[in-house]
Amino acid sequence: MVMSIIPKVHCTKFTALRCFSVKPKAVLDDKISTLISNDEMKYRHHPGVVIPRTPEFPKWAQKEIHNILKEKQIALKEINASAKKLVEHLNKRHPPVEQHELAEKLQKVEDRLNMNNHSEKISVEDIDFHKDRKSRLLLKQNVYNWQPINFDKLTCLTYMVGRSVQNYAVIRKIFNEIKLRDKDFRPQTLFDFGSGVGTVMWAASEIWSKTLKEYFCVDTSEFMIELSERLIKAAEPKIKDAFYRQYFPISMSRTYDIVVSAYSLFELPGMESRIEMLLKLWMKTEKYLIIVEEGTNAGFKLINESRDFILKYANSKHRREPQFVHVFSPCPHDWKCPRFTTDDTPCNFNVLYHPLQFLGGQQHKPERYSYVVLKKSKRPEDDEQWPRIVRAVLRRSNHTICRMCTSSGKLKEEIFTKYKNGKHMYRCARESEWGDRLPLHFEQPQESLEEAETVCDTITNKNT
């Protein structure tokens, strides 16, 4: 009797597991599969590929930057060394510590000071940080001393040398994806907050040269504005109707087709000022709001903060007039960022750039950046919502591994092989890079579904 019962229990447990072991299969988009099969499309040119891989810095800009340095009689070796120090400082920056965070961080300092102290307890309030070296070092380790950068003449020139190529490469790649995916978008106006030397204008004027008619630039540094005005005089194609202001315009009634904040949020003195500025930028936006920061953990946190705020603000139930918004790029969804909620690494992307040649730059260099593009409209019903590759593609013998962010708001690692996914899907994955979208959808294998349903029905009938 016992022998006859045991196999039944074991079998039931095994078949029950079979019901829930069916995994979705990554399947190439039908249109893309047809185009590849008919030799109308190459694997490396599938529509999920974000190009250019290495944006070429404008020759006119490189020449004019060189001329400016000559006129100012600045030694190239010295300005290059200063630029490297500035870039290093920018990559290590953190936003200002908020008031609600300060008490917690000071408590950590106090706990460290009292860790091996067996006498009277030390209180942070009684410490003179100017005289007590140990306490001062602990304070520096726990409390980031944020300071705005003073963009005087020399700092502006240093920033031009150290960051103009990288900033241009990043913006050019983001703009190019908008142009490729939104072919009907013909912007006429652009608003650039924290415009710097004008790299946003340069990239936009090259991509939408036939339609863009007005550029409005805001930068608090008068020296940066002078540099930008000087540079655009040499621009090709010509940039006309560029207007500059040191302060944000008071009137909020005027909107712009493209609004950009590139590498500017770190200059604001706290979360309250950042949220206030984001609200102003969103009110200025007619179609696209683009926010870019360094691809560090700190930069990514500011991008995620901006993304969450705009989505919550536009979708608020308390608004009198509803606003529509969706994440155009890089996320294929409007859910909470899975990287931010489940991981300690930033959601960032990579672009290659050519350093300035007159400073000895010969080889390509990578630039990491975090960004979000928000579009002021409903997500189209026919939006593919293809998954975005969020880490470097791992190419191995007979298989390729892609780490992706999917439309369901989850991170997914997929191993592609010819046997499992077919030649076209496998080759498309293998030819893709970090930052590309993969033209696929996930579906349940029909045979496995039918088998699972049969097994489950059998178990159900036996149990009844």
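In this report, we go over the structure that sits alongside the text. What you see is a predicted model; the values in this text were computed from it and never measured. (Residues numbered from 1 in each chain as written. Predicted model: local features only at pLDDT ≥ 70, side-chain atom pairs only at ≥ 80, totals over all residues. Heavy atoms only, no water.)

**Overview of the nonpolar core**
For soluble globular proteins, the rule of thumb is that nonpolar side chains tend to be buried together.
Alright, step 1. Of all hydrophobic cores here, the largest spans 70 residues; its most connected members are Met-160, Phe-175, Trp-202, Trp-208, Ile-290 and Val-292.
Alright, step 2. No other element matches helix α7 (residues 153–181), which puts 13 residues into this core.
Alright, step 3. When near neighbours in sequence (up to four residues on either side) are disregarded, Trp-208 contacts Phe-175, Ile-178, Lys-179, Phe-185, Pro-187 and Ile-258.
Alright, step 4. With 28 residues, the next largest nonpolar core counts Leu-302, Ile-303, Phe-309 and Ala-314 among its residues. (Core = buried A, V, L, I, M, F, W, Y, C linked by side-chain atoms within 4.5 Å. Buried < 20%, exposed > 50% of the residue type's maximum accessible area, 1.4 Å probe, protein only. Helix = DSSP H or I, 4+ residues; strand = E, 2+ residues; numbered from the N terminus. Contact = heavy atoms within 4.5 Å.)

**A word on helix α4 (residues 76–91)**
Alright, step 1. Here α4 spans 22 Å end to end across 16 residues, near enough to the 22 Å set by a 1.5 Å rise per residue.
Alright, step 2. Among the residues of α4, Ile-79, Ala-83, Leu-86, Val-87 and Leu-90 are the ones counted as buried. Viewed end-on, α4 has its buried residues packed into an arc of 100°, placing them on one side of the element. Away from its buried face by more than 90 degrees, α4 exposes Lys-77, Glu-78, Lys-84 and Lys-85.
Alright, step 3. Packing partners of the buried residues in α4 comprise α3 (59–71), α7 and β6 (285–294). (Expected span 1.5 Å × (residues − 1). Arc of directions from axis to C-beta.)

**Here we look at the packing of aromatic side chains**
Alright, step 1. One pass over the structure, following the stated rule, counts 18 aromatic pairs.
Alright, step 2. A centroid spacing of 4.8 Å and a plane angle of 70° characterise the contact between Phe-185 and Tyr-288, whose relative ring orientation is edge-to-face. Of the two residues, Phe-185 is situated in the loop between α7 and β2 (189–193) and Tyr-288 in strand β6; the sequence distance between them amounts to 103 residues. Per residue, the accessibility class of Phe-185 equals that of Tyr-288, and both read buried.
Alright, step 3. Ring geometry for Phe-191 versus Tyr-256: centroids 5.3 Å apart, planes at 55°, classification tilted. Within this pair, whereas Phe-191 is found in strand β2, its partner Tyr-256 is found in strand β5 (residues 256–262), the two being separated by 65 residues in sequence. Each of the two residues, Phe-191 as well as Tyr-256, counts as buried.
Alright, step 4. Connected via pairs of aromatic rings, a cluster forms that spans Phe-175, Phe-185, Trp-208, Tyr-288 and Phe-328.
Alright, step 5. Of note, Lys-376 hangs over the ring of Trp-282, and the distance from its end group to the ring centre comes to 4.7 Å. (Phe/Tyr/Trp six-rings, centres within 6.5 Å; stacked < 30°, edge-to-face > 60°. Lys NZ or Arg CZ within 6 Å of the ring centre and 35° of its normal.)

**Considering the state of the cysteines**
Simply put, the disulfide is a covalent bond whose two ends are the sulfur atoms of two cysteines.
Alright, step 1. Taken as a whole, this structure holds zero disulfides when the rule is applied.
Alright, step 2. The thiol of Cys-331 is unpaired, and the distance to the nearest cysteine sulfur, on Cys-405, comes to 6.0 Å. (Disulfide = S-S within 2.5 Å.)

**Looking at unusual backbone geometry**
Alright, step 1. Following Glu-236, the chain continues into Pro-237 via a peptide bond in cis, with omega recorded as 0°.
Alright, step 2. In this structure, Pro-237 sits in the loop between α9 (222–232) and β4 (242–245).
Alright, step 3. The omega torsion of the bond from Ser-329 to Pro-330 falls at 0°, within 30 degrees of zero and hence cis.
Alright, step 4. Among the structural elements, Pro-330 can be located in the loop between β7 (326–329) and α12 (338–342).
Alright, step 5. Here the phi dihedral of Asp-39 falls at roughly 60°; this positive angle occurs in a residue that is not glycine.

**Details of the packing of α7 against helix α8 (residues 199–207)**
Alright, step 1. Put simply, α7 and α8 touch, their axes get as near as 9 Å, and they point 35° apart. Crossing hand, α7 versus α8: right-handed. Taken together, the residues of α8 that come into contact with α7 (itself represented by Ser-164, Asn-167, Tyr-168, Ile-171, Arg-172, Phe-175, Asn-176 and Lys-179) are Thr-199, Val-200, Trp-202, Ala-203, Ala-204, Glu-206 and Ile-207.
Alright, step 2. Considering only residue class, the contact of α7 with α8 consists of eight nonpolar, four polar and three charged. (Axes fitted to C-alpha atoms, helices over the stretch in contact; angles between N-to-C directions. Left-handed = near helix turned anticlockwise from the far one by under 90°. Nonpolar A, V, L, I, M, F, W, Y, C, P; charged D, E, K, R; others polar.)

**Comments concerning the pattern of salt bridges**
Alright, step 1. All chains considered together, the criterion is met by 23 salt bridges.
Alright, step 2. Salt-bridge contacts for Asp-334 lead to Arg-379; the nearest nitrogen and oxygen are separated by 2.9 Å. Here the residue Asp-334 occupies a position in the loop between β7 and α12, and Arg-379 occupies one in the loop between β9 (365–375) and β10 (388–389), the gap between them amounting to 45 residues.
Alright, step 3. Taking relative accessible area as the criterion, Asp-334 reaches 33% and is therefore assigned partly exposed.
Alright, step 4. A salt bridge links Arg-437 to Glu-384; the shortest N-O distance between them is 3.8 Å. With Arg-437 in the loop between α14 (423–430) and β14 (440–443) and Glu-384 in the loop between β9 and β10, this pair connects stretches of sequence that are 53 residues apart.
Alright, step 5. The exposure class assigned to Arg-437 is buried, which follows from its relative accessible area of 5%.
Alright, step 6. Here the residues in one salt-bridge network are Glu-64, Glu-71 and Arg-230, joined through shared partners. (Salt bridge = Lys/Arg side-chain N within 4 Å of Asp/Glu carboxyl O.)

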